[in-house]
Amino acid sequence: MMLHAVSVCLVTNQCSLHGVQIVNPSNFTSLKQSEQFSNPTRRLPLTRATSGNCLIKLLVKPNRKPPSNSLVFAGIRGNDEPERCSHKPCCHDEMLDSSVQASQDNLSPGVSDLESVESAPSLEAENPKCLSSPELGFFGYPVNLQGDLLDKLKAVHLHVLALEQWNASRLKMCHRKYLASATNLIHYLALQCLDVQQLKEGLSSIGILNLETINPYVLARITAGVHMLESLESYSSSTKVNTNLTMPQKIDVTDKKGSIAGQKSSDHEKKGDFTVNAMRKKASFHAESLFGSLPNGRPAHIMVTVGREATQSDTFISDLLKAGANVVRINCAHDDPSVWSEIIRHVKNSSQMLEKSCRILMDLAGPKLRTGLLNVGPNVMKISPKKDHKGDVIFPAQVWLSYSGSGPPPTHLSPDAILYLDDDRFLGKLEAGNVVRFSDVRGRPRALRISQKFSVFAGFGFMAECSRTTYVESGTMLYVKGKKRKYTLGRVVDVPPVEQFIRLKVGDLLIISRDPCLSSDKSGGSATSAARITCSSGRLFDSVKPGEPIAFDDGRIWGVIQGASISEIIVSITHASPKGSKLGSEKSINIPRSEMQFEGLTSKDLRDLEFVVANADMVGISFVRDVRDIVIVQQELEKWKVKELGIVLKIETQSGFQKLPLLLLQAMQFPNPLGVMIARGDLAVECGWDRLADMQEEILSICNAAHIPVIWATQVLESLVKLGLPTRAEITDVAYGMRANCIMLNKGKYILEGVSTLDSILHSNSTKKMNAELKPLVLSSNLGL
């Protein structure tokens, strides 16, 4: 599926042209796409024709730099005789603003080939007046400048409508709720394939139109700009003006023959579907259909990723909603339906109890490559106080102590460790100041001093302080010394296993094995003691070749393939932290330069999709690469006759980015609410860190033109959520992300603080509040303002 167009820019003496010929267009491509011209000689019929000469500029971007560009000259002989055409080479500075893009499909009726081309006369010989002093028009700008801008903008207007016409069959396939938005997307793409830099500068110089801000309503803005230029031209031709003339109260807009204002409007212009207000309503409607209504005074929604930790507390989800979250994301790559069901139950109960709307997004795992599971570590927990550079304790470790059935600690507490006991008979007798004693794994005596007592869901819980490093395992006995004897409190239970990882440094070798039984926990080294990890996906072993790069854990570790077989891959580590980077279980694997055939939705995705349809509000399609991926999802949803489930396209690959317009047009064929997530983690790894800023900007622009809501994701307030303190760059990233409709936070120890901070930033930067706080500058009084 391709988008097709042919565009020209005409500079005329108030006349129009019957047709257009493209000269020497071999191997040309458009500015934005890579299709080659299959039938390069084309004619574009216009609405009227008069005698006179016209200059047409054809500006294209070649696959290789051409020796020169071409100017095409055409004239009307009158009496319906064939046109006479000629051309000449010219330098880049002589070119006017336009572009050409053509294809063999979807050409409008009446397009036919032209005859041969003759040599062109010089511009100065044909128009000697162009060398004389310019006549000043309205605002003191030359009349010929305003006329040139009008002709160019009319050409852009025709090009936009032409691309719409040539993609009419694709637009007819869009659902009626998306038809106007899909058409505006086509208009945007038509504008983007043109070289209109000089036109932008010219329009900005006279304050008529800013082409940088018209994405959501392309046709309406261009039409308005044409009307304004026609009004100025009409006024200038009827009134002699000079640079000192002030602007009149009213300009009489006459209906000039051949003007845009005087032409018959198209059907959608008659209906008012393409007015600025209509387009703004479309964008708001699509965003509200996907996410629900915006909280008062906030310009964007807040999405939070949650996992198994949400099932361990009855208050975690409600605390998130109170802090400002109104969308919860569940990643189907982790946990299982039983955990997902429990999370969803907590979300719905909390939403109903607090009377706060909260929608649920479930991301399908997709064909993402991940490291396999490492061997389970021992059930031992290390508790360490904070020390200074001399090793002296500056702050004791905070430990939560409670019965195993009492649930997690209150959300406002942030303990360094959590210990659960198997008995609660004596816990209730503890008070602040008591000392709980035990022997750690090494047999060394240790103590916990009770600092606070709390009432929790099923009994009591305590915050205790530990001033010495200790190691606790399941089965460790805790006791309290009395005056005559010691009282046993119980044994420690449910100590989680130590998370295993491999530490890799630059120069280490890593072996990726297909057999999960061959994994090991070696930390890297020479070729004879290489670390080993597994990956169960056969696609990895079938796709890589020696010399190709490979990345792990969202690009934190990079390497080069040294050797590959059907069962093993040998990687030489080329990038890691100086002290070594940790690589653990279920971490991402990216092979950005390898040719990998993805299967789209996996069998696991199809099974999970059935659960999503029954329980969630939105489904996230991970690693979208082609229109086929969306078609499969649409076919599955059509089986279940699901029209209300939102579809979120996660753009995280080079192919998904390049095909985004086509992906949107395919998704718009169904009535389901639609959104796009900028998954910046994998996108940066797949496409390069240096391209990320431009790519996220272009995704925002395309979705803005299509009126499709955007989710700003990956590492938003990452330091705050994980460490408790944001960086300055993270705050500005949030401000930039406010152009999206939703901002997503990943889970972390300080997620509640992260949500609260993000909510505060969004409220403080909302449009209404910013306008309310605008006040005169203090310095203005000194400046006489």
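The structure we're discussing is the one just above.
Residues numbered from 1 in each chain as written. Predicted model: local features only at pLDDT ≥ 70, side-chain atom pairs only at ≥ 80, totals over all residues. Heavy atoms only, no water.

A. Geometry of the pairing of strand E22 (residues 486-493). Bridge count for strand E16 (residues 417-421) against E22 is two bridges, and the pairing is antiparallel. Of the residues in E22, the one forming a bridge with Tyr-420 is Val-493. (Pairing = 2+ DSSP bridges. Helix = DSSP H or I, 4+ residues; strand = E, 2+ residues; numbered from the N terminus.)

B. How the structure looks around the nonpolar core. Judged by nonpolar contacts, the single largest core of 117 residues is most densely connected at Val-306, Leu-320, Met-362, Leu-649 and Leu-664. Among the elements that make up this core, the one with the highest residue count is helix H17 (residues 692-706) (eight residues). Excluding its chain neighbours within four sequence positions, the residues that come into contact with Met-362 are Ile-330, Cys-332, Trp-340, Ile-344, Phe-611, Val-612, Ala-616, Met-618, Val-619 and Gly-620. Grouped together as the second largest cluster of nonpolar side chains are 24 residues, Leu-510, Cys-535, Val-544 and Ile-589 included. (Core = buried A, V, L, I, M, F, W, Y, C linked by side-chain atoms within 4.5 Å. Buried < 20%, exposed > 50% of the residue type's maximum accessible area, 1.4 Å probe, protein only. Contact = heavy atoms within 4.5 Å.)

C. Inspection of helix H19 (residues 728-737) at higher detail. By the burial criterion, the buried members of H19 are Glu-730, Asp-733, Val-734 and Gly-737. For H19, the angular spread of buried residues about the axis comes to 100 degrees, placing them on one side. In H19, those exposed residues whose orientation departs by more than 90 degrees from the buried face are Arg-728, Ala-729 and Thr-732. (Arc of directions from axis to C-beta.)

D. Up close: the packing of helix H9 (residues 316-323) against helix H20 (residues 751-764). Two elements in contact, H9 and H20, have axes separated by 8 Å at closest approach and are oriented at 20 degrees. For the element pair H9 / H20, the angle class is roughly parallel. Between H9 and H20 lies a crossing of right-handed hand. Taken together, the residues of H20 that come into contact with H9 (itself represented by Phe-316, Asp-319, Leu-320 and Ala-323) are Ile-751, Leu-752, Val-755, Ser-756 and Asp-759. Its residues placed into classes, the contact of H9 with H20 shows six nonpolar, one polar and two charged. (Axes fitted to C-alpha atoms, helices over the stretch in contact; angles between N-to-C directions. Parallel < 35°, antiparallel > 145°, perpendicular 65-115°, else oblique. Left-handed = near helix turned anticlockwise from the far one by under 90°. Nonpolar A, V, L, I, M, F, W, Y, C, P; charged D, E, K, R; others polar.)

E. Just the sheet that holds strand E27 (residues 557-564), in detail. Spatially, the seven strands line up as an open sheet ordered E11-E30-E26-E27-E28-E24-E25, and their pairing is mixed. The open sheet is flanked by strand E11 (369-370) and strand E25 (531-534), the only strands paired with a single partner.

F. Highlighting unusual backbone geometry. At Asp-494, a residue that is not glycine, the phi angle is positive and equals roughly 60 degrees. The topology assignment puts Asp-494 in the loop between E22 and strand E23 (501-504). Judged by relative accessible area, Asp-494 falls into the exposed class, the value being 56%. Phi at Asp-553 is positive, roughly 55 degrees, even though this residue is not glycine. Judged by its relative accessible area of 12%, Asp-553 is buried.

G. Fine view of the packing of aromatic side chains. With the rule as written, the count across this model stands at three aromatic pairs. Relative to Tyr-736, the ring of Trp-712 lies with its centre 5.4 Å away and its plane at 50 degrees, an arrangement referred to as tilted. You can see Trp-712 sitting in strand E34 (residues 710-713) and its partner Tyr-736 sitting in helix H19, a full 24 residues away along the chain. Accessibility expressed as a relative area gives 0% for Trp-712, which makes it buried. For Tyr-736, a relative accessible area of 31% gives the class partly exposed. Geometry around Tyr-479 places Lys-486 over its ring, the cationic atom sitting 4.4 Å from the centre. Lying over the aromatic face of Tyr-736, Arg-739 brings its terminal NZ or CZ to 4.5 Å of the ring centre. (Phe/Tyr/Trp six-rings, centres within 6.5 Å; stacked < 30°, edge-to-face > 60°. Lys NZ or Arg CZ within 6 Å of the ring centre and 35° of its normal.)

H. Region of the structure containing the layout of surface pockets. Within this model, the second largest pocket holds a volume of roughly 1600 Å³. In terms of lining, the second largest pocket is formed by 50 residues, of which the most central are Pro-216, Leu-700, Asn-704, Arg-739 and Ala-740. Looking at the lining of the second largest pocket, the elements that each hand over two or more residues are helix H4 (179-192), helix H5 (197-205), helix H8 (276-291), H17 and helix H21 (767-772). With seven residues, H17 is the largest single contributor of residues to the lining of the second largest pocket. Looking at the lining of the second largest pocket residue by residue, the classes come out as 22 nonpolar, 16 polar and twelve charged. (1 Å grid on protein atoms, 1.4 Å probe; cavity = no way out; pocket = protein on both sides within 12 Å on 5 of 7 lines; lining within 4 Å. Points joined across faces, edges and corners; volume = space filled by probe spheres on them.)

I. Up close: the sheet that holds strand E32 (residues 646-651). Here we have eight strands rolled up into a closed barrel, ordered E8-E9-E10-E31-E32-E33-E34-E35, and parallel in their pairing. Going from strand to strand, the sheet's axes swing by 25 degrees on average, the running direction of each strand aside. In this structure, strand E8 (residues 301-306) lies alongside strand E35 (residues 742-745), joined through four bridges in parallel fashion. Directly across from Met-303, in E35, lies its bridge partner Met-744.

J. Just the side chain of Asp-423, in detail. Mapped onto the fold, Asp-423 is located in the loop between E16 and strand E17 (435-439). When sequence neighbours within four positions are dropped, the list of residues in contact with Asp-423 reads Tyr-403, Leu-489 and Gly-490.

K. Inspection of H5 at higher detail. Looking only at H5, the buried set comprises Leu-199, Gly-202 and Leu-203. Projected down its long axis, H5 carries its buried residues within an arc of 95 degrees, all on one side. Two residues or fewer past H5, Gly-207 is found with a positive phi of approximately 70 degrees.

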